[in-house]
Amino acid sequence: MTAISTEAAGVVQRLREGMAGGVLSFPLTSFRDDGGLDLAAYRAYLAGRLDSAPGAVFPACGTGEFFSLDEDEYRAVVRTTVEVTDGRSPVVAGIGYGWAQALRFARIAEEAGADAALVMPHYLVGAPQDGLVEQLRRIADGTRLPLIAYQRGQVSFTADSLRRIAQIPTVIGLKDGHCDLDRLQRLTLAAPDGFLFFNGASTAEIQARAYAAVGVPADSSAVHAFAPEIANAFFAALRDGDDAGVTKLLREFYVPLVELRDRVPGYAVSLVKAAARLRGIPVGPVRAPLTDPGPADLADLEKVLDHGLSLVGAVRRPA
């Protein structure tokens, strides 16, 4: 791998150790019923997630509704995450939009004490490979935080571009949300030793076996946001080679959850928040333009959740 700072190397090592030992947690952001940020509820919720020993915590990312947070709210969420986590897990804060705005968020995250940043896809427009590389370079030039690129939507790196971004001293990894295994295998083969890869599929467990087969074993889990018992059981089964256990959880919980998720745009977040509320977890509603599920979908979610918990010997409350 390209020579990186001692600080960045330390973050890489902590992330590598975390990925080997637990799921990557993407916490929800707690809102009040009037839509305002509820930091006290978020603090209590996050403490509960940390009890299940995640490999790393990614606040204010997609599941955390980064797109709906203003800069002051973002600062409060990242700072609170750093305080509550207190060094037990690496904290990787989401940043995004165009490079100038992403850099503003990166500097806020750096000041708040985050260990690294996840660079989510830029806003709206498509871009050539040179532009995608330059986007990361400009962000890296303005912050000391190690950066993880996120390819999804209009962002998709070629093997040559992957080699180029890996030459940027603070770019330490890539999260993939395209689920194109041919392209992903080419990227992992093009990457220098030590470069990190993350499974960024919408429900990562569905793709976990396939991703692991091409060298991307990291388990990013939105399910951890509301059912760490299920997420950790899946992680253990996959790690231990319990193929029957993995298949059972996929067939009886994850696939029904994904089928429900696919009913309405935005349910990848809305259902996660609804499931957390079903467990009495203080996360509140989603913010527009997302919408909370209606009664019929909520009833189906309740059945899927209860069955998934029963598979791992857990109950809906307490979470």
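Residues numbered from 1 in each chain as written. Predicted model: local features only at pLDDT ≥ 70, side-chain atom pairs only at ≥ 80, totals over all residues. Heavy atoms only, no water.

A.B. asks: Explain the pattern of salt bridges here, please?
C.D. replies: Pairing is possible between side chains of opposite charge, provided their charged atoms come close. Counted by the stated rule, this structure contains 22 salt bridges. In this structure, the salt-bridge partner of Arg 14 is Asp 115, at a minimum N-O distance of 3.4 Å. Within this pair, whereas Arg 14 is found in helix α1 (residues 6-21), its partner Asp 115 is found in the loop between α4 (99-112) and β4 (116-119), the two being separated by 101 residues in sequence. The class for Arg 14 is partly exposed, based on a relative accessible area of 31%. Residue Glu 302 pairs with Arg 316 through a salt bridge whose shortest N-O separation is 2.7 Å. (Salt bridge = Lys/Arg side-chain N within 4 Å of Asp/Glu carboxyl O. Helix = DSSP H or I, 4+ residues; strand = E, 2+ residues; numbered from the N terminus. Buried < 20%, exposed > 50% of the residue type's maximum accessible area, 1.4 Å probe, protein only.)

A.B. asks: I tried to follow the sheet that holds β4 on my own but got confused; where do I start?
C.D. replies: The strands that make up a sheet are held in pairs by hydrogen bonds between backbone atoms, and each pair lies either parallel or antiparallel. Ordered in space as β3-β4-β5-β6-β7, the five strands form an open sheet in which the pairing is parallel. Lying at the two open borders of the sheet, with one neighbouring strand each, are β3 (92-95) and β7 (196-199). Each strand of the sheet is rotated relative to its neighbour by a mean of 25°, with strand direction disregarded. The strands that α1 touches are β3, β4, β5 (147-151), β6 (171-176) and β7; relative to β7, the one it contacts most, it runs at about 40°. (Pairing = 2+ DSSP bridges. Axes fitted to C-alpha atoms, helices over the stretch in contact; angles between N-to-C directions. Contact = heavy atoms within 4.5 Å.)

A.B. asks: Explain empty space enclosed by the protein to me, please; I cannot follow it from the model alone.
C.D. replies: One water molecule sets the probe size; rolling that probe over the atoms shows where empty space is left. Scanning all chains against the criterion turns up one cavity of 30 Å³ or more. Among the secondary structure elements, those contributing two or more residues to the lining of the largest cavity are α10 (243-261) and α11 (267-278). Looking at the lining of the largest cavity, the element that brings in the most residues is α11, giving four residues. (1 Å grid on protein atoms, 1.4 Å probe; cavity = no way out; pocket = protein on both sides within 12 Å on 5 of 7 lines; lining within 4 Å. Points joined across faces, edges and corners; volume = space filled by probe spheres on them.)

A.B. asks: I'm lost on the sheet that holds strand β2 (residues 56-57) in this one. Help?
C.D. replies: Ordered by their spatial adjacency, three strands build an open sheet running β2-β1-β8, and the pairing between neighbours is parallel. Unpaired on one side and paired on the other, β2 and β8 (220-221) mark the two borders of the sheet. The pairing of strand β1 (residues 24-25) with β2 spans two bridges and is parallel. Bridge pairing in β2 places Ser 25 opposite Val 57.

A.B. asks: Hey, could you run me through the nonpolar core in this one?
C.D. replies: Formed by 105 residues in total, the largest nonpolar core has its most connected members in Phe 58, Tyr 74, Ile 95, Leu 118, Ile 165, Val 223 and Phe 226. If we skip the residues at most four places from it in the chain, Leu 118 touches Phe 26, Phe 58, Cys 61, Val 92, Ala 93, Gly 94, Ile 95, Ile 148, Ala 149, Tyr 150 and Lys 175. (Core = buried A, V, L, I, M, F, W, Y, C linked by side-chain atoms within 4.5 Å.)

A.B. asks: Explanation requested: the side chain of Asp 115 in the structure shown.
C.D. replies: Polar side-chain contacts of Asp 115 include one of 3.4 Å to the side chain of Arg 14. At 2.8 Å, the side chain of Asp 115 forms a polar contact with the backbone nitrogen of Val 91. Discounting chain neighbours no more than four positions away, the residues touching Asp 115 are Val 11, Arg 14, Ser 89, Pro 90, Val 91, Leu 145 and Pro 146. (Polar contact = N/O pair within 3.5 Å; in protein donor to acceptor, adjacent residues only side chain to side chain.)

A.B. asks: Quick question: what am I supposed to make of the side chain of Gln 135 here?
C.D. replies: Structurally, Gln 135 can be placed in helix α5 (residues 129-142). If sequence neighbours within four positions are ignored, Gln 135 has contacts with Tyr 97, Gly 98, Trp 99 and His 122.

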